Amino acid sequence: MADGVDDDWTEDDLDDEFPLGDGTAETETIVNCPYCGEANEISLDPGSGSEQEYIEDCQVCCHPWLMYVKYASDGSVEVDVYASDS
Ligand SMILES: [Zn+2]
């Protein structure tokens, strides 16, 4: 049963929520590797949803990170990176 908080944007445009994946949302971010500490510029895929969780390998030391990506309704993104094997 829907509570109407998240799924009413198609009929109620008060906030005029942007469609993720149309180029409005951020598609790149910089994160620091939890293993080697190096900054990595990584690509994001807004079209995959407003909340994502996946594995990304460090471009410097190749260790796998656990990525948590969350888009806000204004297209800004929040990314958390964790060491996946600790
Ligand atoms: Zn690294």
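Residues numbered from 1 in each chain as written. Predicted model: local features only at pLDDT ≥ 70, side-chain atom pairs only at ≥ 80, totals over all residues.

### What about the sheet that holds strand 5 (residues 77-83)?
Logical step 1: The three strands are arranged 3-4-5 in an open sheet whose pairing can be described as antiparallel. Of all the strands in the sheet, the pair left with one neighbour each is strand 3 (51-57) and strand 5. Ignoring strand direction, the axes of neighbouring strands in this sheet form an average angle of 25°.
Logical step 2: Here seven bridges tie strand 3 to strand 4 (residues 64-71), and the two strands are oriented antiparallel to one another. Along strand 4, the bridge assignment pairs E56 with W65. (Pairing = 2+ DSSP bridges. Helix = DSSP H or I, 4+ residues; strand = E, 2+ residues; numbered from the N terminus. Axes fitted to C-alpha atoms, helices over the stretch in contact; angles between N-to-C directions.)

### Focus on unusual backbone geometry
Logical step 1: Here the phi dihedral of C62 falls at roughly 70°; this positive angle occurs in a residue that is not glycine.
Logical step 2: With respect to the helices and strands, the residue C62 is situated in the loop between strand 3 and strand 4.

### Observations regarding the environment of S43
Logical step 1: Looking at where S43 falls in the secondary structure, it is placed in strand 2 (residues 39-43).
Logical step 2: As for S43 and E26, which are separated by 17 residues in sequence, their C-alpha atoms are 9.1 Å apart.
Logical step 3: If we skip the residues at most four places from it in the chain, S43 touches T27 and E28. (Contact = placed C-beta atoms within 7 Å.)

### What about the environment of E78?
Logical step 1: Checked against the element boundaries, E78 lands in strand 5.
Logical step 2: Given 12 C-beta atoms within 10 Å, E78 falls into the exposed group.
Logical step 3: With 27 residues separating them in the primary sequence, E78 and E51 have C-alpha atoms 9.6 Å apart. (Buried ≥ 20, exposed ≤ 12 C-beta atoms within 10 Å, placed from the backbone.)

### Brief notes about the pairing of strand 1 (residues 28-32)
Logical step 1: With zero of its five residues buried, strand 1 lies for the most part at the surface.
Logical step 2: With five bridges joining them, strand 1 and strand 2 adopt antiparallel strand pairing. Paired with T29 across the strands is I42, a residue of strand 2.

### Topic: the environment of S84
Logical step 1: Following the sequence through the fold, S84 ends up in the segment after strand 5.
Logical step 2: Remark: the alpha-carbon pair of S84 and Y35, spanning 49 residues in sequence, is separated by 10.0 Å.
Logical step 3: Those residues in contact with S84 that sit more than four places away from it in its chain are I55, P64, W65 and L66.

### Some remarks on the confidence of the model for the chain
Logical step 1: Taken as a whole, the chain shows an average pLDDT of 83; of its residues, 72% reach a score of 70 or greater.
Logical step 2: Considering each helix and strand of the chain separately, the mean pLDDT is smallest for strand 1, with a value of 95, and largest for strand 2, with 97.
Logical step 3: Contacts of residues 11-15 to residues separated by more than four positions or lying in other chains number one contact, the stretch itself having pLDDT below 50. (pLDDT = per-residue confidence, 0-100.)

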